[in-house]
Amino acid sequence: MSEDGGREGTRRVRALRVVGPDPATPPPSTAPPVAPPPVRTPPRPHDDAGRRSPHRPGRGTARIPVYPRVPTGPLRLPSTSFAGRPRPGEDEPTTTPQTLPRLVPADLPDVGSGQVEPVGPAEPLVGDDLDEGAGERERLRARAEHFTPEDDVLTAARERAAEHGIVPIGAGAAAALTFLASAGRARAVVEIGTGAGIGTVSLLRGMPREGLLTSIDTEVAHQRLTRITCAEAGFGSGRVRMITGRALEVLPRLSDAAYDLVLVDAATVEYPRYLAEAVRLLRPGGVVVLDNVCWTGRVTDPARRDAISAALRETVRLVRTDERLAPLLLPVSDGLLCASLLP
């Protein structure tokens, strides 16, 4: 064989070895190729406003800002402290912040404990010590009630009232009557309801010596007790004029605009009618005083529908809406509703 022929054969063998499959190599698998796993990208926040808006990014318009959604579920109660973050340049508060009264619905779960139970319909608010100063005010009222100590005359009159089943005027109200009579220099006074004489003596002690008090009552026994109390206090019979009868029948016989002060302490259901008569009797600047307007909380309790409660509410309404009167409520004893007739 020639040298060229040998070289040519060698090249063919090499070409076959390069082109053909390798006998030692296993045949390729017939399974389909496996695609590489997709590359995950971080999820984009929901953009409902951007998705629903026709102004998409890339169209030459600014992107509409997306505001956070309002959270749902139970809401936390507001903070019950006055203390807030200090303003720039201010020091931290050195005193203990004052705590506000806590108002919570009756069946509201403790949202601070992690409960997420749905809250039912709103219930009336109940307070855990709604007014922390209520006890202090009660102490002040008790102090005001006994600020002016009563002497032996009024003490004995209260004992006689208890023996005869008479509910006398309170100590604080009695002191207020003396003050009002003295401040107004009341010379002519009408008292509707004599009682045991405690209110009568209290008024006389504030009136000048020439003053005359007219007392009206249906009970002769009450007027007898009043005369005893007046005598023990040193007031003669000429200072008091006793009239026995129903006030609504006696009052129309008294002169108009002739009296400086009218005290109403009789049948509560007749208070609106007594008020009308008292305003007629008063001179300009005169004062009408109605006792027991806050008795047992009847005025402020809407559940009470009895005749006494209705009469008290009507009386308060008349005093507050009458443009001729300057009203004042004194929280002493069972409540004194006062009104001055404007000139």
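Residues numbered from 1 in each chain as written. Predicted model: local features only at pLDDT ≥ 70, side-chain atom pairs only at ≥ 80, totals over all residues. Heavy atoms only, no water.

What about the overall build of the protein chain?
- Regarding its fold elements, the protein chain presents 10 helices and 9 strands.
- When burial is assessed residue by residue, the protein chain has 31% of its 343 residues classed as buried.
- Accessible area of the protein chain: about 23300 Å², with a carbon and sulfur share of 57%. (Helix = DSSP H or I, 4+ residues; strand = E, 2+ residues; numbered from the N terminus. Buried < 20%, exposed > 50% of the residue type's maximum accessible area, 1.4 Å probe, protein only. Areas by Shrake-Rupley, 256 points an atom, 1.4 Å probe, with all protein chains shown as cover.)

Concerning the layout of surface pockets
- Computed from the structure, the largest pocket encloses a volume of approximately 700 Å³.
- Taken together, 35 residues make up the lining of the largest pocket; nearest its centre are Val-167, Gly-193, Asp-265, Ala-266 and Ala-267.
- When contributions to the lining of the largest pocket are tallied by element, the ones reaching two or more residues are strand 3 (188-192), helix 6 (198-206) and strand 4 (212-217).
- Looking at the lining of the largest pocket residue by residue, the class counts come to 15 nonpolar, 13 polar and 7 charged. (1 Å grid on protein atoms, 1.4 Å probe; cavity = no way out; pocket = protein on both sides within 12 Å on 5 of 7 lines; lining within 4 Å. Points joined across faces, edges and corners; volume = space filled by probe spheres on them. Nonpolar A, V, L, I, M, F, W, Y, C, P; charged D, E, K, R; others polar.)

Focus: the pairing of strand 3
- Strand 3 sits mainly inside the fold: 5 of its 5 residues count as buried.
- Residues of strand 3 alternate between two faces, with Ala-188, Val-190 and Ile-192 on one and Val-189 and Glu-191 on the opposite face, all of them buried.
- Read from strand 3 through helix 6 to strand 4, the crossover connection turns out right-handed.
- Taken together, the 4 bridges between strand 3 and strand 6 (residues 259-264) define a ladder with parallel strand orientation. Of the residues in strand 6, the one forming a bridge with Val-190 is Val-262. (Right-handed = clockwise from strand over helix to strand, strands pointing away. Pairing = 2+ DSSP bridges.)

Here's the deal with the packing of aromatic side chains
- If you walk through the whole model with that rule in mind, you get 1 aromatic pair.
- Aromatic side chains Tyr-271 and Tyr-274 sit 6.4 Å apart centroid to centroid with 50° between the ring planes, which places their arrangement in the tilted category. Highlighted residues: Tyr-271 and Tyr-274, both in helix 9 (residues 271-281), separated by 3 residues, approximately one helical turn. Note on accessibility: Tyr-271 and Tyr-274 belong to one class, buried. (Phe/Tyr/Trp six-rings, centres within 6.5 Å; stacked < 30°, edge-to-face > 60°.)

Comments concerning the confidence of the model for the protein chain
- Across the protein chain, the average pLDDT comes to 74, with 59% of residues at or above 70.
- Counting contacts from residues 47-62, a segment whose pLDDT is below 50, to residues more than four positions away or on other chains yields 11 contacts. (pLDDT = per-residue confidence, 0-100. Contact = heavy atoms within 4.5 Å.)

A word on the side chain of Asp-217
- On the secondary structure map, Asp-217 appears in strand 4.
- Arg-227 is the oppositely charged side chain nearest to the buried, salt-bridge-free Asp-217, at an N-O distance of 11 Å.
- Among the polar contacts made by the side chain of Asp-217, one reaches the main-chain amide nitrogen of Glu-219 at a distance of 2.8 Å.
- When residues no more than four places from it in sequence are discounted, the contact partners of Asp-217 are Gly-193, Thr-194, Gly-195, His-222, Gln-223, Ile-243, Thr-244 and Gly-245. (Lys, Arg positive; Asp, Glu negative; His and termini not counted. Salt bridge = Lys/Arg side-chain N within 4 Å of Asp/Glu carboxyl O. Polar contact = N/O pair within 3.5 Å; in protein donor to acceptor, adjacent residues only side chain to side chain.)

Here we look at the pairing of strand 5 (residues 240-244)
- Two strands pair when backbone bridges link them, and strand 4 and strand 5 are joined in this way by 5 bridges, in the parallel orientation. Across the sheet, the residue bridging to Ile-216 is Ile-243, located in strand 5.

What to know about the packing of helix 4 (residues 152-163) against helix 7 (residues 220-233)
- Running from N to C, helix 4 and helix 7 point in directions that differ by 165°, and their axes come no closer than 10 Å. Taken together, the axes of helix 4 and helix 7 lie roughly antiparallel to each other. Note on packing geometry: the crossing formed by helix 4 with helix 7 is right-handed. Only Leu-225, Ile-228, Thr-229, Glu-232 and Ala-233 of helix 7 make contact with helix 4, whose side of the interface consists of Val-153, Ala-156, Ala-157 and Arg-160. (Axes fitted to C-alpha atoms, helices over the stretch in contact; angles between N-to-C directions. Parallel < 35°, antiparallel > 145°, perpendicular 65-115°, else oblique. Left-handed = near helix turned anticlockwise from the far one by under 90°.)

Let's talk about the sheet that holds strand 3
- Taken in spatial order, the 7 strands make up an open sheet running 5-4-3-6-7-9-8, and their pairing is mixed. Bordering the open sheet on either side are strand 5 and strand 8 (325-330), each of which pairs with just one other strand. Across the sheet, the mean angle from the axis of one strand to that of its neighbour is 15°, orientation sign disregarded.
- Summarising the sheet, strand 6 and strand 7 (residues 282-291) pair through 5 bridges and their orientation is parallel. Within the sheet, the bridge partner assigned to Val-262 lies in strand 7 and is Val-288.

As for the packing of helix 6 against helix 7
- Their axes nearest at 9 Å, the elements helix 6 and helix 7 cross at an angle of 35°. For the crossing formed where helix 6 meets helix 7, the hand is right-handed. The segment helix 6 lies against helix 7, with Thr-200, Val-201, Leu-204 and Arg-205 engaging Thr-226, Thr-229, Cys-230 and Ala-233.
- A breakdown of the residues in the contact of helix 6 with helix 7 according to their chemical character gives 4 nonpolar, 3 polar and 1 charged.

Considering unusual backbone geometry
- With phi around 50°, Arg-185 is a residue other than glycine that occupies positive phi space.
- Inspection of the secondary structure puts Arg-185 in the loop between helix 5 (171-183) and strand 3.
- Among the residues examined, Arg-185 registers a relative accessible area of 47% and is labelled partly exposed.

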